Amino acid sequence: NPAFHAILIACSDYKGGGWNPLPTTISEAKQLKSVLVKKYGFDSTNIVELYNKDYIKILSTMSSILESLNENDNLVIYFAGHGTYKNKGTELVGYWVPLKATNIDVDYISSKKLDELVAGSKAKHILMLSDACYSAAMRGSEEVRTPSKWEYKLRSRQVLTSGGMEKVPGESVFVKMVLEALQKNEDTLLPVSELYSIIYGGVKKQSNTEPKLNDFGKDGNEGGQFYFIKKN
């Protein structure tokens, strides 16, 4: 049987560095945890919560979990917090801003770093849910797929993001829509491409940004897809 794991990262208590506090990120992450456990059968012992942590804590925890997963495992990595991006040569690189971060080249978490972390993981499906100003800089091809019976068997690495804009303090429209879709879903199998289709219109109308669903990373992507599987 497939096992489901989650790493929930939320940064709220920003001080200095030009980043204002984000009062709702942790409560949003806890709501996500609740729906994953109650409705989708995630075991709470397989959910790691990283709230208001710095670069080292986030990366070391992610690294050890990614290394520990096997071919039957599915993983959701959720990040809520500030994000940014910069041009590196011809490439746009996205960054998550952890707590106590001082310098974009030192202790922000780059899309390249996330690719590296995920590269060696044996996990079947990895879905990143990124609620930060980040997607503009995510590498990978944008695809909205029609689910097929093969997709669960093939490995996947996907990222669903809130769009290209800076997250503003206050409630996140993206998370609100994701939570609502997961809570109201009645299908046993909910592929992430369908989740994306469900939230797209609402996020665009309410926040004027377009959520994105991309593949990411060069390693482990066989064109599969992450599925949320509803408890009976």
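The notes below deal with the structure included here. (Residues numbered from 1 in each chain as written. Predicted model: local features only at pLDDT ≥ 70, side-chain atom pairs only at ≥ 80, totals over all residues. Heavy atoms only, no water.)

A few words now on the packing of helix H4 (residues 173-184) against helix H5 (residues 192-207). Interhelical geometry of H4 versus H5 gives an angle of 145 degrees and a closest axis separation of 9 Å. The handedness of the crossing between H4 and H5 comes out as right-handed. Here Val 173, Phe 174, Lys 176, Met 177, Val 178, Ala 181 and Leu 182 of H4 lie close against H5, whose contacting residues are Leu 195, Ile 198, Ile 199, Gly 202, Val 203, Gln 206 and Ser 207. Each residue belonging to the contact of H4 with H5 can be placed in one class, and the counts come to ten nonpolar, three polar and one charged. (Axes fitted to C-alpha atoms, helices over the stretch in contact; angles between N-to-C directions. Helix = DSSP H or I, 4+ residues; strand = E, 2+ residues; numbered from the N terminus. Left-handed = near helix turned anticlockwise from the far one by under 90°. Contact = heavy atoms within 4.5 Å. Nonpolar A, V, L, I, M, F, W, Y, C, P; charged D, E, K, R; others polar.)

What follows deals with the packing of aromatic side chains. Using the criterion set out here, one finds eight aromatic pairs in the structure. A centroid spacing of 5.7 Å and a plane angle of 65 degrees characterise the contact between Tyr 40 and Phe 228, whose relative ring orientation is edge-to-face. Of this pair, Tyr 40 sits in helix H1 (residues 25-40) while Phe 228 sits in strand E11 (residues 227-229), and the two are 188 residues apart along the sequence. When the centroid spacing of 6.3 Å and the interplanar angle of 75 degrees are considered together, the rings of Tyr 95 and Tyr 108 count as edge-to-face. (Phe/Tyr/Trp six-rings, centres within 6.5 Å; stacked < 30°, edge-to-face > 60°.)

What follows deals with H4. Over its twelve residues, H4 extends 16 Å from the first C-alpha to the last, a length consistent with the 16 Å expected when each residue adds 1.5 Å. Where H4 is concerned, the buried positions are Val 173, Phe 174, Val 175, Met 177, Val 178, Leu 179, Ala 181 and Leu 182. Between a side-chain oxygen at the N-terminus of H4 and the backbone nitrogen of Phe 174 the separation is 3.3 Å; the capping residue is Ser 172. (Expected span 1.5 Å × (residues − 1). Buried < 20%, exposed > 50% of the residue type's maximum accessible area, 1.4 Å probe, protein only. Polar contact = N/O pair within 3.5 Å; in protein donor to acceptor, adjacent residues only side chain to side chain.)

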